[in-house]
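Chain and residue survey
Chain by chain, the residues run as shown.
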Amino acid sequence: MEARMKSVASPDLITAIQHLHKAIHAGGVDPLVLELVHLRASQINGCSPCVFAGVQTAKKHGETDERLHSVVTWRETPFFTEEERAALALAEAATRIQDGAPGVTDEIWDAATTYFDEKQMSAIILNIALTNFFNRINHTIREPAGKTW
């Protein structure tokens with residue numbers, strides 16, 4: 001598969017994205033949790049370049065192959081903490097808002113706020129939103145997996 005266009009972002013856009021990443025990582029959330037959230041949202045959206053990049057980044061943070069292979073089935077595996085499960089459930093609910101999906105229910109929200117304070121929740125929500133942003137761009141332009149940005 002070839003991309004429909006070259007990703008030529010303006011310097012202003014690059015700066016804005018860097019600021020968003022800085023805000024996300026200043027939120028006090030474990031970087032591995034952020035990567036799991038990114039990976040799960042990207043899996044749901046079928047974004048191969050983001051799944052590829054998410055796996056690579058998670059591995060750099062020390063994530064294991066066993067857990068990475070199990071993110072797609074996190075509910076059925078013993079490999080994730082309750083905190084990670086709450087973040088993954090939030091990522092799924094915030095990503096799956098189409099076709100009458102319930103979105104983020106009070107139950108999902110309450111579970112997440114059990115483990116994450118308001119600053120951390122803001123970081124996770126922004127991470128989910130930014131992931132969905134990139135997933136949609138990559139899907140639209142047919143960006144192939146394997147590219148490093």
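Residues numbered from 1 in each chain as written. Predicted model: local features only at pLDDT ≥ 70, side-chain atom pairs only at ≥ 80, totals over all residues. Heavy atoms only, no water.

- As annotated in an unreviewed UniProt entry, the chain is Carboxymuconolactone decarboxylase family protein from Actinomadura nitritigenes.

With respect to the UniProt feature "domain: Carboxymuconolactone decarboxylase-like" (unreviewed entry) in the chain
- When the UniProt feature table is mapped to this numbering, "domain: Carboxymuconolactone decarboxylase-like" (unreviewed entry) covers residues 11-93.
- The distance from the first to the last C-alpha atom of residues 11-93 is 33 Å, and the span holds 73% helix and 0% strand. (UniProt positions renumbered as here; feature names shortened; annotations may be inferred. Helix = DSSP H or I, 4+ residues; strand = E, 2+ residues; numbered from the N terminus.)

Brief notes about the side chain of Glu92
- Among the secondary structure elements, Glu92 is positioned in helix 5 (residues 82-95).
- Relative accessible area serves as the criterion here: at 6%, Glu92 is assigned to the buried category.
- Separated by 2.7 Å, the side chains of Glu92 and Arg40 make a polar contact.
- Once residues lying within four places of it in the same chain are set aside, the contact partners of Glu92 are Arg40, Ile44, Trp74 and Arg75. (Buried < 20%, exposed > 50% of the residue type's maximum accessible area, 1.4 Å probe, protein only. Polar contact = N/O pair within 3.5 Å; in protein donor to acceptor, adjacent residues only side chain to side chain. Contact = heavy atoms within 4.5 Å.)

Quick notes on the side chain of Ser70
- Along the chain, the position of Ser70 falls in helix 4 (residues 65-70).
- We classify Ser70 as buried; its relative accessible area is 9%.
- Ignoring sequence-local partners within four residues, the contact set of Ser70 consists of Thr77, Phe79 and Phe80.

Side note on the packing of aromatic side chains
- Taken as a whole and judged by the stated rule, the model has one aromatic pair.
- Ring centres 5.3 Å apart and planes at 70 degrees place the aromatic pair Phe133 and Phe134 in the edge-to-face group.
- Residue classification places Phe133 among the partly exposed residues on the basis of a relative accessible area of 38%. (Phe/Tyr/Trp six-rings, centres within 6.5 Å; stacked < 30°, edge-to-face > 60°.)

So, helix 3 (residues 48-60)
- Helix length check: helix 3, at 13 residues, gives a terminal C-alpha distance of 18 Å against a target of 18 Å (1.5 Å per residue), a fit within 8%.
- Within the sequence span of helix 3, burial applies to Pro49, Cys50, Ala53, Gly54 and Ala58. The buried side chains of helix 3 occupy one side of the element, clustering within an arc of 155 degrees when seen end-on.
- Where the residues of helix 3 are buried, they touch helix 2 (31-45), helix 4 and helix 7 (118-141).
- Positive backbone phi, approximately 95 degrees, marks Gly62, located one or two places after helix 3. (Expected span 1.5 Å × (residues − 1). Arc of directions from axis to C-beta.)

Side note on the packing of helix 2 against helix 3
- The geometry of helix 2 relative to helix 3 is characterised by a closest axis approach of 9 Å and an angle of 160 degrees between their N-to-C directions. Comparing their axes, helix 3 and helix 2 come out roughly antiparallel. As helix 2 runs across helix 3, the sense of the crossing is left-handed. Facing Leu32, Glu35, His38, Leu39, Ser42 and Gln43 of helix 2, the residues of helix 3 in contact are Cys50, Val51, Gly54, Val55, Thr57 and Ala58. (Axes fitted to C-alpha atoms, helices over the stretch in contact; angles between N-to-C directions. Parallel < 35°, antiparallel > 145°, perpendicular 65-115°, else oblique. Left-handed = near helix turned anticlockwise from the far one by under 90°.)

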